[in-house]
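# Working through the structure, step by step
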Amino acid sequence: LILIIPMAFFYDFIYVFYAYSLYSFITLIYSTYLIRREIIFHNIKISLNDFFFHVKNLFKNGFIYYIGSTLLGSLTGLLTISLFSKYVNIVDFSNFRIASAIIALINFFPIGLASITISYLSQTDKYESIKLKFFQFRYIIFFTLFISIILYIFLVPFVNLLFGIQYLNGINYITYLIFLNFFTQTSTIVNNFLISSNKNNFVGLTSILHSIVILITLKYFISNYGFNGYLLINFCCIISILFIQIFKEFKTTDYQSDQ
């Protein structure tokens, strides 16, 4: 914030890239310091002994998850941008970016908390793990919905103040994406439950299924229905995957001890 915003506001846009490069360099130095400190503290020895054995285990335990959550996710992102540039006008794309920025504000607390709790879920006993899951089901999901409703109430003046009156025509799209995010975040929370229970491959397979459906159908829906087609296919995919994840979670975890 300190480096990039003043550069964007006071100087030519190219200076934003210079500021970002400086920020990345500072981050690299600080990250290296932290990693070195951990290596020394835990007396970790770095060598090539058993290197290929460990690489094999990493691929075995995480490759499917990586394919679904990272690789195919990146490909669907590239395809979406490509199709937007061909079939969706710049105003709709701007609405999409505005909604993404608002969603980032909504998700600040839930994503941060979910990332922290996943380690606790994997380390605690069964009873404590279920209590922590209940907490996220009841309060984190409710918090996400509550903040979404508050933002919806003040959405028109918020968009008008920050982006301009010309973007009020896309307020319905922005509203839809904000509430679709509620289901996306619920899916993320259940995903974390499954990962903490060592079900990485299942999560990876659902991500692969999601990405394949998007890759196959997205061009048809966007080329024929524009931005509405994008919204429709994403809604169908997210809701379907969420039901699969919840079914898997409740099938493999005993919640009967706490009604």
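Look a little higher up for the structure.
Right, let's walk through the structure included here. Only a predicted model underlies this, so the values are computations on that prediction, with no experimental measurement involved.

## Concerning the layout of surface pockets
Of the pockets and cavities examined, the largest pocket occupies roughly 1,200 Å³. Lining the largest pocket are 41 residues, with T76, T184, H210, N234 and I238 sitting closest to its centre. For the lining of the largest pocket, the secondary structure elements donating two or more residues are α3 (51-87), α4 (90-123), α7 (171-196), α8 (200-225) and α9 (227-252). For the lining of the largest pocket, the element with the most residues is α7, which contributes 10 residues.

## Looking at the packing of aromatic side chains
If you walk through the whole model with that rule in mind, you get 20 aromatic pairs. Ring geometry for Y20 and Y23: centres 5.5 Å apart, planes at 50 degrees, overall tilted. In this pair, Y20 and Y23 both sit in helix α2 (residues 14-41), 3 residues apart, roughly one turn of the helix. Residues Y176 and F235 carry aromatic rings whose centres are separated by 6.4 Å and whose planes lie at 50 degrees to one another, so their mutual orientation is tilted. One end of the pair, Y176, is in helix α7; the other, F235, is in helix α9, and 59 residues separate them in sequence. The ring of F202 has K248 sitting right over it, with the charged end atom 5.1 Å from the ring centre.

## Description of the packing of α7 against α9
Contact geometry of α7 with α9 gives a least axis separation of 9 Å together with a crossing angle of 25 degrees. In this view, α7 runs roughly parallel relative to α9, as classed from their interaxial angle. The hand of the α7/α9 crossing is left-handed. Within the contact between the two elements, α7 uses Y173, Y176, L177, L180, F183, T184, T186, S187, V190, N191, F193 and L194 and α9 uses F227, N228, L231, N234, F235, I238, I239, L242, Q245, I246, K248 and E249. For the contact of α7 with α9, the residue count by class is 15 nonpolar, 7 polar and 2 charged.

## Looking at the environment of N192
Looking at where N192 falls in the secondary structure, it is placed in helix α7. With relative accessibility at 12%, the residue N192 sits in the buried group. When the C-alpha positions of N192 and I64 are compared, they lie 16 Å apart, and in sequence the two are 128 residues distant.

## Examining the state of the cysteines
For the coordinates displayed, the defined rule picks out 0 disulfides. Of all cysteine sulfurs, the one in C236 lies closest to C237, which takes part in no disulfide; the gap is 7.0 Å.

## Structural notes on the nonpolar core
Judged by nonpolar contacts, the single largest core of 25 residues is most densely connected at I102, I174, F227 and Y230. Among the elements that take part in this core, α4 stands out by supplying 6 residues, more than any other. Setting aside residues no more than four positions away along its own chain, I102 makes contact with L151, L155, F158, I174 and I178. One finds L113, I140, I189 and Y255 within the second-largest nonpolar core, a separate group that totals 9 residues.

## A closer look at the environment of I98
Mapping I98 onto the fold places it in helix α4. Placed 31 residues apart in sequence, I98 and S129 show a C-alpha to C-alpha distance of 37 Å. In contact with I98, not counting residues within four places along its chain, are F163, Y167 and I174.

About the criteria used
- Residues numbered from 1 in each chain as written.
- Predicted model: local features only at pLDDT ≥ 70, side-chain atom pairs only at ≥ 80, totals over all residues.
- Heavy atoms only, no water.
- 1 Å grid on protein atoms, 1.4 Å probe; cavity = no way out; pocket = protein on both sides within 12 Å on 5 of 7 lines; lining within 4 Å.
- Points joined across faces, edges and corners; volume = space filled by probe spheres on them.
- Helix = DSSP H or I, 4+ residues; strand = E, 2+ residues; numbered from the N terminus.
- Phe/Tyr/Trp six-rings, centres within 6.5 Å; stacked < 30°, edge-to-face > 60°.
- Lys NZ or Arg CZ within 6 Å of the ring centre and 35° of its normal.
- Axes fitted to C-alpha atoms, helices over the stretch in contact; angles between N-to-C directions.
- Parallel < 35°, antiparallel > 145°, perpendicular 65-115°, else oblique.
- Left-handed = near helix turned anticlockwise from the far one by under 90°.
- Contact = heavy atoms within 4.5 Å.
- Nonpolar A, V, L, I, M, F, W, Y, C, P; charged D, E, K, R; others polar.
- Buried < 20%, exposed > 50% of the residue type's maximum accessible area, 1.4 Å probe, protein only.
- Disulfide = S-S within 2.5 Å.
- Core = buried A, V, L, I, M, F, W, Y, C linked by side-chain atoms within 4.5 Å.

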